[in-house]
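Breakdown of the fold
Now for the letters of each chain:
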Amino acid sequence: SSESESKGINHLQNENIKKGVFFLLLTSFLFSSQQALGKVLYYLSSFERTFYFSLVAAIIMAILCKKERVPLIGAQPKFLFFRSLFGFISTILVFMAATDSYPIANLSLLSSTSTIFALIAAVVWLKERMSRGQVLSLFVAFSGILCLLKPTGGFLQIESLLALSGGFFAGLAYTVVRRLKDESPFSITFFFMVFSVVVSFPLAWMQGMHPLGAFEIGVLLLLGVVTAAAQFFLSVAYSYAPSTKISVYLYSQSLFAFMIGIIAFDEIPDVLSIIGGILLIIAGIWNFISGRNMQRRQMYEI
């Protein structure tokens, strides 16, 4: 009887992990779609794009907060402010990088360095330990970044630097989220979206708001829905399985970005971009595995 119960529990855990992986792959596709939609409206200012999609996402997240019966405003306003500030800066920088000529795959890869920067920030700010494998993964990651930046003849594409800076500030935002583990993901996202609306509107107004047609309105509405859906399904994924078991699948976002770039924008990546992308994905997976192994050793020591 106990053996059959154990098998039943293991089967349920495996099923939950499969569901978690599915929703995380869906989230990765939505995140890459978010960047692609931002690129479609490259002629709108970053502040204007951020204002409109954040407004739509804030309304959706308010509805979800009410449905899930969680507070709109969390109990840690200071950390919510910094998470939103860093996330807002990251969004603006990534949108600035999303020009008509810059490949969406490179944009996705360089902004995905947030996991690497989050690791460094956790060591510096949260005083967390870093395993030898994680240190080595940093060297691999920065090798990949160099391939994507292509610093030939002392020339660097401004879009590459903007995307990399976006990854840096996203990494800071994710580090702050570690301090918000008792807050609902819906409350965190709602605060972030409202913060983005409030800050981006006056900046967009000062730059001059672009007259919107039916196409722009449709894309911006879709962008807001995709953003809210990505945040929602991210929470759903982690409700089925812990991040230590499934978060590695978030690196599929870069693969989706490659496919979207080829299909939607006719962007064929060059050899250096492919090598850089492979190195960054390897570094991310290596960092994930090394971090999980270190956690297991620490639990065993305790």
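The notes below deal with the structure included here. In this text, all values refer to a predicted model and were calculated from it rather than measured experimentally. (Residues numbered from 1 in each chain as written. Predicted model: local features only at pLDDT ≥ 70, side-chain atom pairs only at ≥ 80, totals over all residues. Heavy atoms only, no water.)

Observations regarding the pattern of salt bridges
Applying the stated criterion across every chain yields a total of four salt bridges. Note that K18 is salt-bridged to E15, the shortest N-O span being 3.7 Å. Separated by three residues within a single helix, K18 and E15 lie in helix 1 (residues 2–40), roughly one turn from each other. On the basis of relative accessibility, which here comes to 55%, the residue K18 falls in the exposed class. Given the relative accessible area of 29%, E15 is considered partly exposed. Across the pair E267 and K39 runs a salt bridge whose closest N-O atoms are separated by 3.2 Å. (Salt bridge = Lys/Arg side-chain N within 4 Å of Asp/Glu carboxyl O. Helix = DSSP H or I, 4+ residues; strand = E, 2+ residues; numbered from the N terminus. Buried < 20%, exposed > 50% of the residue type's maximum accessible area, 1.4 Å probe, protein only.)

Description of the nonpolar core
Within the largest apolar cluster, 31 residues are counted, with the highest numbers of intra-cluster contacts made by M61, F88, M193, L220 and L223. For this core, the elements supplying multiple residues, two or more each, are helix 1, helix 2 (46–68), helix 3 (77–97), helix 8 (185–207) and helix 9 (214–240). If you tally residues by element for this core, the top one is helix 2, at nine residues. Excluding residues that lie within four positions of it along the chain, L220 makes contacts with L41, L44, R49, Y52, F53, V56 and L212. I116, L119, L164 and I260 belong to the second-largest nonpolar core, a separate cluster that totals 27 residues. (Core = buried A, V, L, I, M, F, W, Y, C linked by side-chain atoms within 4.5 Å. Contact = heavy atoms within 4.5 Å.)

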